[in-house]
Amino acid sequence: MTKKTKNSTLKAILDIILYEHPSTQDEIAEKLGITRRYVTKLLQPLITKGVVKRAYTLDLKKFDEFSEVFEEEKTSREHAGTLYIKEMLKNMANHVCKQLDRSFEALSTYDDELASKALNMDYITNNMHEKVRTSVDMALSMNPSSEFSKTMAFSEVAYDLERIGDHSCQFANFTMKESYEVDPEMLVYLQEMYETSKKMVNYSMDVFLNERLELKNKVMDYEERIHVLQKKALNCIATQMAEASFDDTERSTYYLSLSRVVKAFERIGDISIEIIDISREFYENIPRITTPERFRRKT
């Protein structure tokens, strides 16, 4: 068995210990479909060092000594448990982006089945947020001397990702509830807002996960683009509403829902800026401005 395969199995074992809290090595072996003897062999050095404690918990502070298992580098400002929690956030961000993709595809194709699948993805998003929150609580309990604000940054980013998932649901809900599909003229604006907002999410998470603070200006440029598109989209809605009959209640409801879709893209952009602010506080100790970004724009 290669070293890479061995390390991959060890990582899977440690994932189970951290997130599922097994009572015995038999439970671990059953979950992974391997022998208990092999579980014992891989865990024994970590038990001897006090990294893994019976039965069975992980000392995140001591685990930092074994971070080479994951073949990742840590910055000097990162603390115990970062490798695990950052991996969870990376997976959550990927899932949320897929949820955004599917939700917008449902909207653009007016496909109820796709919309239903997108809404079901939100349950997984919520579950992933809860797992991150639980892991952060565990990290704090195992290492109470850690910087509380930095540790809590992980929970805040997970909460922000969950909110992005919630706003994505607006697109799927529109598809499921409205009697009219989006017309081609309006869809052009929404398509560009979708592409821009997704770039903002990806870049902001790259900033937080990989300390790529130089990407901040790029995200801010996209944020300006979102608001230009938002104005154009709302003007388009206003023009179409003026041409519609006041007696057509379904059309009136359609336009209101469409306005909420446009607003959802703006909020996804705002949340991406919030993740940038969290990243700067996390890596550079620059305190965040408490005024929400959308109000800062107005002043």
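All figures in this text were calculated on a predicted structure; none of them were measured in a lab.

(A) Region of the structure containing the overall build of the protein. For the protein, the helix and strand inventory stands at eleven helices and two strands. Shown N-terminal to C-terminal, the secondary structure of the protein runs as helices and strands in the order α-α-α-β-β-α-α-α-α-α-α-α-α. Per-residue burial over the protein gives 48% buried out of 299 residues. As displayed, the protein has an accessible area near 15200 Å², and 49% of this comes from carbon and sulfur atoms.

(B) Main features of the packing of helix 9 (residues 216–243) against helix 10 (residues 249–284). For the pair helix 9 and helix 10, interaxial distance at closest approach is 10 Å and the crossing angle is 170 degrees. By the angle between their axes, helix 9 is roughly antiparallel relative to helix 10. Along the contact surface, helix 9 presents Lys216, Val219, Met220, Glu223, Ile226, His227, Gln230, Ala233, Leu234, Ile237, Gln240 and Met241, while helix 10 presents Tyr255, Leu258, Ser259, Val262, Lys263, Phe265, Glu266, Asp270, Ile273, Ile276 and Arg280. Tallied by class, residues from the contact of helix 9 with helix 10 come to 13 nonpolar, four polar and six charged.

(C) Region of interest: the packing of aromatic side chains. For the structure on display, the rule yields eleven aromatic pairs. Arranged with centres 5.9 Å apart and planes meeting at 75 degrees, the rings of Tyr180 and Tyr254 form a pair that is edge-to-face. Pair noted here: Tyr180 is in the loop between helix 7 (148–177) and helix 8 (184–210) and Tyr254 is in helix 10, with a separation of 74 residues, a long-range link. With a centroid separation of 5.0 Å and 65 degrees between ring planes, the pair formed by Tyr254 and Tyr255 is classed as edge-to-face.

(D) Summary view of unusual backbone geometry. The residue Tyr110 is not glycine, and still its phi comes out positive at about 55 degrees. Its location among the elements puts Tyr110 in the loop between helix 5 (82–109) and helix 6 (112–142). By relative accessible area, which is 27% here, Tyr110 ends up partly exposed. Look at Glu211: it is not a glycine, yet its phi comes out positive at around 55 degrees. Position of Glu211 among the secondary structure elements: in the loop between helix 8 and helix 9. Residue Glu211 is classed as partly exposed on the basis of its relative accessible area, which comes to 22%.

(E) The arrangement of the nonpolar core in detail. Grouped together as the largest cluster of nonpolar side chains are 57 residues, with contacts concentrated most on Leu89, Leu161, Val182, Met186, Leu190 and Phe208. Considering each element in turn, this core owes the most residues, 15 residues, to helix 10. Setting aside anything within four residues of it in sequence, one finds Leu190 in contact with Phe104, Leu107, Val182, Leu258, Val261, Val262 and Phe265. Ranked by size, the runner-up nonpolar core spans 16 residues in total, among them Leu14, Ile17, Ile28 and Leu42.

(F) Looking closely at the pattern of salt bridges. Under the criterion given, the structure shown has twelve salt bridges. In this structure, Glu192 and Arg225 form a salt bridge, with 2.8 Å as the shortest nitrogen-oxygen distance. Of the two residues, Glu192 sits in helix 8 while Arg225 sits in helix 9, which places them 33 residues apart along the sequence. Residue Glu192 is classed as partly exposed on the basis of its relative accessible area of 29%. Judged by its relative accessible area of 31%, Arg225 is partly exposed.

(G) The confidence of the model for the protein, seen in detail. Residues at a pLDDT of 70 or more form 80% of the protein, whose mean pLDDT is 83. Looking at the elements of the protein, mean pLDDT is at its lowest for helix 11 (residues 293–298), recorded as 49, and at its highest for helix 8, recorded as 96. Residue range residues 72–80 is modelled with pLDDT below 50. Its contacts to residues more than four positions away, or to other chains, number 22 contacts.

So, how was this worked out
Residues numbered from 1 in each chain as written. Predicted model: local features only at pLDDT ≥ 70, side-chain atom pairs only at ≥ 80, totals over all residues. Heavy atoms only, no water. Helix = DSSP H or I, 4+ residues; strand = E, 2+ residues; numbered from the N terminus. Buried < 20%, exposed > 50% of the residue type's maximum accessible area, 1.4 Å probe, protein only. Areas by Shrake-Rupley, 256 points an atom, 1.4 Å probe, with all protein chains shown as cover. Axes fitted to C-alpha atoms, helices over the stretch in contact; angles between N-to-C directions. Parallel < 35°, antiparallel > 145°, perpendicular 65-115°, else oblique. Contact = heavy atoms within 4.5 Å. Nonpolar A, V, L, I, M, F, W, Y, C, P; charged D, E, K, R; others polar. Phe/Tyr/Trp six-rings, centres within 6.5 Å; stacked < 30°, edge-to-face > 60°. Core = buried A, V, L, I, M, F, W, Y, C linked by side-chain atoms within 4.5 Å. Salt bridge = Lys/Arg side-chain N within 4 Å of Asp/Glu carboxyl O. pLDDT = per-residue confidence, 0-100.

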